Amino acid sequence: RACEEVWMHSVHAMLAHDTPRLQEIHPRQWIKSANPYKEIPFSIGLQVFTLRREALLLTLRTLSIADWAREGRIDRKTHTVYSHVRRMVLHEQSHCAEVEAILK
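**Description of the side chain of Arg53**
Then step 1. Along the chain, Arg53 turns up in helix H3 (residues 42–61).
Then step 2. Residue Arg53 is classed as buried on the basis of its relative accessible area of 19%.
Then step 3. Leave out the neighbours within four places in its chain, and Arg53 touches Glu4, Met88 and Glu92.

**Considering the pattern of salt bridges**
Then step 1. Following the criterion strictly, the structure yields 4 salt bridges and no others.
Then step 2. Glu4 is paired through a salt bridge with Arg52; the nearest N and O atoms lie 2.7 Å apart. Of this pair, Glu4 sits in helix H1 (residues 2–16) while Arg52 sits in helix H3, and the two are 48 residues apart along the sequence.
Then step 3. What makes Glu4 buried here is its relative accessible area of 4%.
Then step 4. By relative accessible area, which is 33% here, Arg52 ends up partly exposed.

**Some points on helix H5 (residues 81–103)**
Then step 1. Between its terminal C-alpha atoms H5 stretches 33 Å, which fits the 33 Å expected from 23 residues at 1.5 Å a residue.
Then step 2. Here H5 has its buried residues at Val81, His84, Val85, Met88 and Glu92.
Then step 3. Contacts made by the buried residues of H5 are with H1, H3, helix H4 (65–68), strand E2 (71–74) and strand E3 (77–80).

**With respect to the sheet that holds strand E1 (residues 21–22)**
By way of backbone hydrogen bonds, the strands of a sheet pair with one another, either parallel or antiparallel.
Then step 1. Taken in spatial order, the 3 strands of this open sheet run E1-E2-E3, and their pairing is mixed. Two strands in the sheet have a free side with no partner beyond their single neighbour: E1 and E3.
Then step 2. Across 2 bridges, E1 lies against E2 in parallel orientation. Within E2, the residue paired with Arg21 across the bridge is Arg73.
Then step 3. This element, H1, spans E1, E2 and E3 of the sheet and lies at about 135° to E2.
Then step 4. On the sheet, H5 packs against E2 and E3 and is oriented at approximately 90° with respect to E3.

Rules used throughout
- Residue indices begin from 1 for each chain and proceed along its sequence in written order.
- Since the coordinates come from a predicted model, pLDDT governs what is reported: local features require at least 70, and pairs of side-chain atoms require 80 or more to be given and counted, while whole-chain, interface and lining totals use all residues.
- Heavy atoms from the whole structure form the basis of all side-chain values; hydrogens and water molecules are not counted.
- Under the scheme used here, helices are H or I runs from DSSP no shorter than 4 residues and strands are E runs no shorter than 2 residues, and both carry numbers assigned from the N terminus.
- Each residue's exposure class comes from its accessible area (1.4 Å probe, protein chains only) as a fraction of the maximum for that residue type: buried when under 20%, exposed when over 50%, partly exposed otherwise.
- In what follows, residue pairs with any heavy atoms lying within 4.5 Å of each other are defined as contacts.
- Basic side-chain nitrogens of Lys or Arg form a salt bridge, by our definition, when they fall within 4 Å of a carboxyl oxygen of Asp or Glu.
- Each residue after the first adds 1.5 Å to the expected span of a helix.
- Between any two strands, at least two bridges found by DSSP are needed for them to pair.
- Think of each axis as a best-fit line through the C-alpha atoms, taken over the contacting stretch in the case of a helix, with angles from 0 to 180 degrees between the N-to-C directions.

Treat this as a map of the structure, not an account of what it does.
In structure tokens form, the structure reads like this:
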């Protein structure tokens, strides 16, 4: 959840503003500083994640080629909407592998 929350903030900023300058927020920093998850039961957290993911997919499905190419400066690197979403997907694939290993 933390990855989705902090990284999608950047994607939404890139879609809403012309080349925004953003500070990189590491998901672990977000959890340590805000820890929005500790008081929430897992079932509720899963529902929130599912709804946010559905909203994300609705947004991404409507993007034009130009939207995917929109840029933002995150710390010292320039990212596009595409590169940032790709980064999130690749990161989450490793978590899927971890969950699959735990379930075995």
